[in-house]
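Summary of the model geometry
Residue-level listing of the chains:
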Amino acid sequence: MSDLGKVDRAFFDEYIYPNLGADRGDVSLAPQHGVDFGVIEAGGRAIALATDPVFVMPSLGFDRAAWFAFHILMSDVAVSGIPPTHLSIDLNLPPEITDEEFATVWETMDEQARELGVSVVTGHTGRYAGCNYPMVGGGTALAVGDPDDLVRPDGARPGQSVLVTKGPAIEATGLLSIQFEGILDLEGTMEAAKDRFYDMSPVEDALVASAAGPVTAMHDATEGGIYGGLHEIARAGGVRIDVERDAIPVMEGVPETCAAFDIDPWISISEGTLLLTVEEEGAEDVLDALEGEGIPAAIVGETSEGEGVHFDGEAVERPERDPFWTAFEEGMARLEDEQ
């Protein structure tokens, strides 16, 4: 396992899936590769849980970095359709972080948590040798609610509409444009590319969509981008997905940033892009609700019997590796060369 980023399905199936501890009856959704969250049921309530790294990039500025770190933690549980309610967080901080920098991180997270109605219930905080940015711990977000409100990741069925918000490479664009602003020439679209930063959360998208209509599955297009995320929805639901490429919104600054780093936007990390399937009769209601909140979205395709993902009638493969990580490494090398 030498590649950076998430492990692939083969690694998951060989090493992780066979070793999941006790088999408990209250677990109604157990771990699966490419699935954002798990679910336990207790006292007539559904509890969706998702664990992610605490990802803090000081070069973004500690306020922006903390905003993004918090929304990463909320994203995977928000696609359950139940609003996030609680957070457990472990902060393994690098020795060089100052008290003032930590205060900015924590106060920003507190502000975002209050806006979403999320309570921090437990955690751990410390400075430790060997801990480095950007991975400075981990957190588990919980969403406690009515089981009837749960949107399962394997809920896609034939004959449903496919919707996409915001389009491809939102995260790749937001991070690369800010991190490497000094070495990029984006032909007049630099500010637009940097504006993608605050699009890098699907939390509002997921909560608006699930409240508006009969959503059957939702997935955040993280590593592997739109291609990867659609493959995971298709595989989980046992369906084929057909998409019209030109129907998908493409945000300003995305094509230019991806071209500057020679990466394919359709397979590039896109935290903030929500992929969802919806019962056909409710698709327009969900679309109207998203657009009413100023969230770019479109009905881009449909599900059917079969398997795989097809764009404009041609099958597309699930990406083996997200090109963002290579682009980021190359960008850091270019920065060092110019210093």
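Residues numbered from 1 in each chain as written. Predicted model: local features only at pLDDT ≥ 70, side-chain atom pairs only at ≥ 80, totals over all residues. Heavy atoms only, no water.

1. A closer look at the overall build of the protein
Our working definition: Helix numbering and strand numbering both begin at the N terminus, where a helix is a DSSP run of H or I of at least 4 residues and a strand a DSSP run of E of at least 2. Our radius of gyration looks at C-alpha atoms and nothing else; its globule reference is 2.2 Å times the residue count to the power 0.38. Under the scheme applied here, a residue whose accessible area is under 20% of the maximum for its type counts as buried, over 50% as exposed, and between as partly exposed, the area being computed with a 1.4 Å probe on protein chains only. Contact definition: two residues touch when any of their heavy atoms are within 4.5 Å.
A tally of regular secondary structure across the protein gives 10 helices and 13 strands. Here the C-alpha radius of gyration of the protein, 19 Å, is about what a compact globule of 339 residues would show, namely 20 Å. For the protein, the spread of C-alpha atoms along the principal axes amounts to about 55 × 50 × 45 Å. Classification of the 339 residues of the protein by burial places 52% in the buried group. Considering only contacts within the protein whose residues lie at least 6 apart along the sequence, 84% involve residues at least 24 apart.

2. Focus on the layout of surface pockets
The rolling of a water-molecule-sized probe over the atoms marks out the regions of remaining empty space. The cut-off we apply is this: Every definition here rests on a 1 Å grid over the protein atoms only: cavities are sets of points where a 1.4 Å probe fits but cannot get out, pockets are open sets enclosed by protein on both sides within 12 Å along at least five of seven lines, and lining residues have some atom within 4 Å of a point. Grid points are joined across faces, edges and corners, and a volume is the space filled by probe spheres set on the points. Gly counts as polar in this scheme, as do all residues outside two lists: the nonpolar Ala, Val, Leu, Ile, Met, Phe, Trp, Tyr, Cys and Pro, and the charged Asp, Glu, Lys and Arg.
Its volume calculated, the second largest pocket comes out at about 190 Å³. Forming the boundary of the second largest pocket are Trp67, His71, Lys166, Tyr198, Asp199, Ser201, Val203, Glu204, Asp205, Gly294, Ile295 and Pro296. Going through the elements one at a time, helix H2 (62–78) and helix H6 (203–212) are the ones with two or more residues in the lining of the second largest pocket. The greatest single-element share of the lining of the second largest pocket, amounting to three residues, is contributed by H6. When grouped by side-chain class, the residues that make up the lining of the second largest pocket number five nonpolar, three polar and four charged.

3. Considerations on the side chain of aspartate 76
The following threshold applies: Neither His nor the chain termini are counted; the positive set is Lys and Arg, and the negative set is Asp and Glu. Between Lys or Arg on one side and Asp or Glu on the other, a salt bridge is scored when a side-chain nitrogen of the former is within 4 Å of a carboxyl oxygen of the latter.
Checked against the element boundaries, aspartate 76 lands in helix H2. As a buried residue without a salt bridge, aspartate 76 has its nearest oppositely charged side chain in lysine 6, at a separation of 5.4 Å. Ignoring anything within four residues of it in the chain, the contact list for aspartate 76 reads Asp36, Phe37, Ala50 and Asp52.

4. Overview of a nonpolar patch on the surface
Inclusion rule: Residues form patches when they are more than 30% accessible in relative terms and have no salt bridge. Like charges link within 9 Å. Nonpolar side chains (Val, Leu, Ile, Met, Phe, Trp, Tyr) link within 5 Å. In short, Shrake-Rupley with a 1.4 Å probe defines the accessible areas, and a residue's cover is counted only from the protein chains shown.
On the surface, Tyr15, Ile16, Tyr17 and Leu20 cluster together into a nonpolar patch covering about 380 Å² of accessible area. Among the structural elements, leucine 20 can be located in the loop between helix H1 (9–16) and strand S1 (27–29).

5. Thoughts on the packing of H2 against H6
To keep it simple, the criterion reads: Here an angle of 0 to 180 degrees is reported between the N-to-C directions of two axes, which are lines fitted to C-alpha atoms, with helices fitted over the stretch in contact. Angle categories: roughly parallel below 35 degrees, roughly antiparallel above 145, roughly perpendicular from 65 to 115, and oblique for all the rest. Take the far helix as the reference: if the near one is turned anticlockwise from it by less than a right angle, the crossing is left-handed, and if turned clockwise, right-handed.
Between H2 and H6, the shortest axis-to-axis distance is 8 Å and the interhelical angle comes to 25 degrees. Taken together, H2 and H6 sit at an angle that is classed as roughly parallel. For the crossing formed where H2 meets H6, the hand is left-handed. On the side of H2, the interface is formed by His71, Met74, Ser75 and Ala78, while H6 contributes Val203, Ala206 and Leu207. Classifying every residue of the contact of H2 with H6 gives five nonpolar, two polar and no charged.

6. Examining the sheet that holds strand S13 (residues 314–316)
Here is the rule we go by: Two strands pair if DSSP finds at least two bridges between them.
A sheet is described by the order of its strands in space; here seven strands give the open sequence S8-S10-S7-S11-S9-S12-S13, paired in mixed fashion. The sheet is open, and its two borders are formed by strand S8 (215–220) and S13, each paired with just one other strand. Along the sheet, successive strands turn relative to each other by an average axial angle of 30 degrees, direction set aside. Relative to the sheet, helix H7 (residues 225–237) contacts strand S7 (160–165), S8, strand S9 (240–243), strand S10 (274–279), strand S12 (309–311) and S13, its axis offset from that of S12 by approximately 135 degrees.

7. Considerations on the nonpolar core
What counts is decided by this rule: By nonpolar core is meant a set of buried Ala, Val, Leu, Ile, Met, Phe, Trp, Tyr and Cys residues that side-chain atoms within 4.5 Å join together.
Ranked by internal contacts, the top residues of the largest apolar core, which has 80 residues, are Val54 and Leu276. Broken down by element, the residue count for this core peaks at 12 residues, all from H2. By size, the runner-up hydrophobic cluster in this structure holds 22 residues, among which are Ile226, Trp266, Ala298 and Val300.

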